[in-house]
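Descriptive analysis of the structure
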Amino acid sequence: MTSYGSSSAASSGSRTNGLAIAGLICGIIGLIFFNVVLGPVAIVLGAVGLRQAPAKGGAGMAKAGIVLGIIDLVLFAVLFAVAASNGGFTWYVGG
């Protein structure tokens, strides 16, 4: 007997790898905010998610997280080089 409104695919327990999703999200957010912190986090979470991919799935998201983490670090290096070539960093403390 089947209950109303339930599907066999939803109740089979197929879940995507949470670490792959977290790596992808950290990589995306790292493009805009805190790329020096979220870049390495995305790489590590993506690598662990890729290692777990045969059992849990989500290999594509894990690879995307790794790639986005690398792009985050490259973006930080480029922004750092541009800032350094324009006279360095200056901090203004009110006064």
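Residues numbered from 1 in each chain as written. Predicted model: local features only at pLDDT ≥ 70, side-chain atom pairs only at ≥ 80, totals over all residues. Heavy atoms only, no water.

**Side note on the overall build of the protein**
Looking only at helices and strands, the protein has 5 helices and 0 strands in total. Beginning at the N terminus, the succession of helices and strands in the protein can be written as α-α-α-α-α. Counting all 95 residues of the protein, 22% fall into the buried class. Roughly 6,700 Å² of accessible area belongs to the protein as shown, and the carbon and sulfur atoms make up 71% of that amount. (Helix = DSSP H or I, 4+ residues; strand = E, 2+ residues; numbered from the N terminus. Buried < 20%, exposed > 50% of the residue type's maximum accessible area, 1.4 Å probe, protein only. Areas by Shrake-Rupley, 256 points an atom, 1.4 Å probe, with all protein chains shown as cover.)

**Some thoughts on the packing of helix α2 (residues 18-30) against helix α3 (residues 35-51)**
Following both chains from N to C, one finds α2 and α3 inclined at 155°, their axes separated by 8 Å at the closest point. Between α2 and α3, the interaxial angle falls into the category roughly antiparallel. The handedness of the crossing between α2 and α3 is left-handed. Where α2 abuts α3, its residues Leu 19, Ala 20, Ala 22, Gly 23, Cys 26, Gly 27, Ile 29 and Gly 30 lie against Asn 35, Leu 38, Val 41, Ala 42, Leu 45, Gly 46, Val 48 and Gly 49. (Axes fitted to C-alpha atoms, helices over the stretch in contact; angles between N-to-C directions. Parallel < 35°, antiparallel > 145°, perpendicular 65-115°, else oblique. Left-handed = near helix turned anticlockwise from the far one by under 90°. Contact = heavy atoms within 4.5 Å.)

**Thoughts on the environment of Leu 68**
Considering the arrangement of structural elements, one finds Leu 68 in helix α5 (residues 59-85). A residue is classified by how much of its surface remains accessible, and Leu 68, at 17% relative accessible area, is buried. In this structure, the C-alpha to C-alpha distance between Leu 68 and Asn 35, residues 33 residues apart in sequence, is 9.9 Å. Residues in contact with Leu 68, not counting those within four places in the same chain, are Leu 24, Gly 27, Ile 28 and Leu 31.

**What to know about the packing of α3 against α5**
Contact pair α3 / α5: the axes reach a minimum separation of 7 Å and the direction vectors enclose 155°. For the element pair α3 / α5, the angle class is roughly antiparallel. Handedness of the α3/α5 crossing: left-handed. Here Asn 35, Val 36, Leu 38, Gly 39, Pro 40, Ala 42, Ile 43, Gly 46, Ala 47, Gly 49 and Leu 50 of α3 come into contact with α5, specifically with Ala 59, Ala 62, Lys 63, Gly 65, Ile 66, Gly 69, Ile 70, Asp 72, Leu 73, Leu 75, Phe 76 and Leu 79. Residues belonging to the contact of α3 with α5 are distributed by class as follows: 15 nonpolar, 6 polar and 2 charged. (Nonpolar A, V, L, I, M, F, W, Y, C, P; charged D, E, K, R; others polar.)

**Notes on α3**
The first and last C-alpha atoms of α3 sit 24 Å apart over 17 residues, in line with the 24 Å expected at 1.5 Å per residue. The set of residues buried in α3 consists of Asn 35, Leu 38, Gly 39, Ala 42, Gly 46 and Gly 49. Down the axis of α3, the buried side of the element spans an arc of 110°, and every buried residue falls inside it. Residues of α3 that are exposed and point over 90 degrees away from its buried face: Val 44 and Arg 51. Buried positions along α3 lie against α2, α4 (53-56) and α5. (Expected span 1.5 Å × (residues − 1). Arc of directions from axis to C-beta.)

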